[in-house]
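Here's the letter readout for the chains.
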Amino acid sequence: MTFIEKLSCAWEKNNSLVCVGLDPDTERFPSSLRDVPDAIFQFNKAIIDATHDLVCAYKPQIAYFSAESAEDQLEKTIQYIQTEYPDIPVILDSKRGDIGSTAKKYAVEAFERYKADAVTINPYLGFDSAEPFLNYKDKGTVLLCRTSNRGANDLQDLDVGGMPLYQKVASMITEQWNFNKNCMLVVGATWPSQMSEVREIVGDMPFLVPGVGAQGGDIEALVKAGQTANGTGLIISSSRGVIYASEGDNFASAARSVVVDLREKINLHRN
Ligand SMILES: O=C(O)c1cc(=O)[nH]c(=O)n1[C@@H]1O[C@H](COP(=O)(O)O)[C@@H](O)[C@H]1O
């Protein structure tokens, strides 16, 4: 099964466009997890067990693991999802981007070491930097297009021959990079009008949409701007707003409540 097929099944099975971002910051863990040797894995496991029937994907962010020398707990987290909840795809957020020879190794890291179903990458080194990822036909490659942060417009809006750079990125990926139909784009929830412009360019290509919750993206606006005709096409990701809904021992049940609410708010505006 390809990544896109797995994602489509998860959208349908859980009636959900919600992705939970796993950005485990040990300083925000409840005191009961403070001196536990595999605390990061235990934290993630509790969040995953509490939300697996409500989501279409999980997105672990690699920096939260590597900063703590805890790559083994990233491997364990991905393996746990794939064993216990094999219908839910895992998007590794590592935003890699380098010359082809190095990119090959990054692709091996994402798809063979971590066995992620999809990975985020940075397209700004051009096609040869993305190709090693795109050649994994059954895996997904998520390319930065219009990021959610305030500084997104510093470079991504620059005029490149009559159109902003993010639109050029969107059309180049659609026309030239998507030969295995495994590309997706990051389009931040905080930019609904840019999101509808990108949707016009790319047809039904799925968007990874970070920026709801802690970054304040407007759910109604983004769903209306980004969904496809059949009410899907979006992987709407929230990390801090979900996983730190409570910093006490009830963090997992608090996370579940937030995801229930988020899924409902999103579904209200789907076609
Ligand atoms: O690729 C991403 O996931 C990403 C792209 C983007 O434009 N903005 C963005 O916030 N992200 C990631 O999405 C997550 C957002 O976290 P919260 O703001 O806590 O929901 C972080 O892991 C970011 O690294």
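All values reported here derive from a predicted model rather than from experimental measurement. (Residues numbered from 1 in each chain as written. Predicted model: local features only at pLDDT ≥ 70, side-chain atom pairs only at ≥ 80, totals over all residues.)

### What about the overall build of the protein chain?
Assigned secondary structure in the protein chain consists of twelve helices and eight strands. Here the C-alpha radius of gyration of the protein chain, 18 Å, is about what a compact globule of 271 residues would show, namely 18 Å. Seen through its principal axes, the protein chain has C-alpha atoms that stretch 55 × 45 × 35 Å. For the protein chain, buried positions account for 48% of its 271 residues. Pairs at least 24 apart in sequence give 73% of the contacts found in the protein chain among residues at least 6 apart. (Helix = DSSP H or I, 4+ residues; strand = E, 2+ residues; numbered from the N terminus. Rg over C-alpha atoms; globule rule 2.2 N^0.38 Å. Buried ≥ 20, exposed ≤ 12 C-beta atoms within 10 Å, placed from the backbone. Contact = placed C-beta atoms within 7 Å.)

### Some details on the sheet that holds strand β5 (residues 140-146)
Sheet strands pair by backbone hydrogen bonding; their relative direction is either parallel or antiparallel. Taken together, eight strands build an open sheet; the order of strands is β2-β1-β8-β7-β6-β5-β4-β3 and the sheet is parallel. The two strands at the open ends of the sheet, each matched to only one other strand, are β2 (57-60) and β3 (91-96). Sheet twist, expressed as the mean angle between neighbouring strand axes with direction ignored, is 30 degrees. (Pairing = 2+ DSSP bridges. Axes fitted to C-alpha atoms, helices over the stretch in contact; angles between N-to-C directions.)

### Structural notes on helix α9 (residues 192-202)
For α9, the complete set of buried residues consists of P192, Q194, M195, V198, R199, I201 and V202. Looking straight down α9, one finds its buried side chains confined to an arc of 165 degrees; they lie on one side. In α9, the exposed positions angled more than 90 degrees off the buried face are occupied by S193 and E200. On its buried face, α9 sits against β5, α8 (165-177), β6 (183-187) and α10 (219-226). (Arc of directions from axis to C-beta.)

### Focus on the site of the ligand
Taken together, 21 residues sit near the ligand, with T147, S148, P210, S239 and R240 positioned nearest. Across the shell around the ligand, the residue classes tally to three nonpolar, 14 polar and four charged. (Near = placed C-beta within 6 Å. Nonpolar A, V, L, I, M, F, W, Y, C, P; charged D, E, K, R; others polar.)

### So, unusual backbone geometry
The backbone of N15 shows a phi angle near 45 degrees, a positive value even though the residue is not glycine. One can find N15 in the loop between α1 (3-13) and β1 (18-22). For K95, which is not glycine, the phi torsion reads 45 degrees and is therefore positive. Tracing the backbone shows K95 in strand β3.

### With respect to α8
Here α8 has its buried residues at Y166, Q167, V169, A170, I173 and W177. The arc enclosing the buried residues of α8, seen along the axis, measures out at 165 degrees, which places them on a common side. Counted as exposed and oriented over 90 degrees from the buried face of α8: E175 and Q176. Here the buried face of α8 lies against α6 (127-134), β5, α7 (152-156), β6 and α9.

### Things to note about the UniProt feature "active site" (unreviewed entry) in the protein chain
UniProt feature "active site" (unreviewed entry): in the numbering of this structure it lies at K95. Contact partners of K95, with chain neighbours within four places excluded, come to T120, I121, N122 and L144. (UniProt positions renumbered as here; feature names shortened; annotations may be inferred.)

### Notes on the packing of α8 against α9
In contact at an axis separation of 9 Å, α8 and α9 are set at 25 degrees when each is read in the N-to-C sense. When the axis of α8 is compared with that of α9, the two are roughly parallel. When the axes of α8 and α9 are compared, the crossing they make is right-handed. Taking contact as the criterion, the partners of Y166, Q167, A170, S171 and T174 in α8 are, on α9, Q194, E197, V198, I201 and V202. (Parallel < 35°, antiparallel > 145°, perpendicular 65-115°, else oblique. Left-handed = near helix turned anticlockwise from the far one by under 90°.)

### Regarding the environment of P60
The residue P60 is located in strand β2 in this model. Exposure remark for P60: the 27 C-beta atoms within 10 Å place this residue in the buried category. Sequence spacing of P60 and I91 is 31 residues, and the spatial spacing of their C-alpha atoms is 6.8 Å. Those residues within four positions of P60 in sequence are excluded, and the remaining contacts are L22, L74, T77, I78, V90, L92 and D93.

### With respect to the UniProt feature "domain: Orotidine 5'-phosphate decarboxylase" (unreviewed entry) in the protein chain
This chain's UniProt record puts "domain: Orotidine 5'-phosphate decarboxylase" (unreviewed entry) on residues 17-255. Structurally, residues 17-255 is divided into 41% helix and 17% strand, and its ends, taken at the C-alpha atoms, are 16 Å apart.

### Section: the confidence of the model for the protein chain
Any segment with low pLDDT has predicted coordinates that should not be analysed in fine detail. Of all residues in the protein chain, 100% have pLDDT values of 70 or greater, and the mean over the chain is 98. Mean pLDDT per element in the protein chain: α7 is the minimum at 97, and β2 is the maximum at 99. Prediction confidence for the complex, expressed as pTM and ipTM, is 0.99 and 0.99 respectively. (pLDDT = per-residue confidence, 0-100.)

### Observations concerning the environment of A152
Note that A152 resides in helix α7. In this structure the C-alpha to C-alpha distance between A152 and Y166, which are 14 residues apart in sequence, comes to 9.5 Å.

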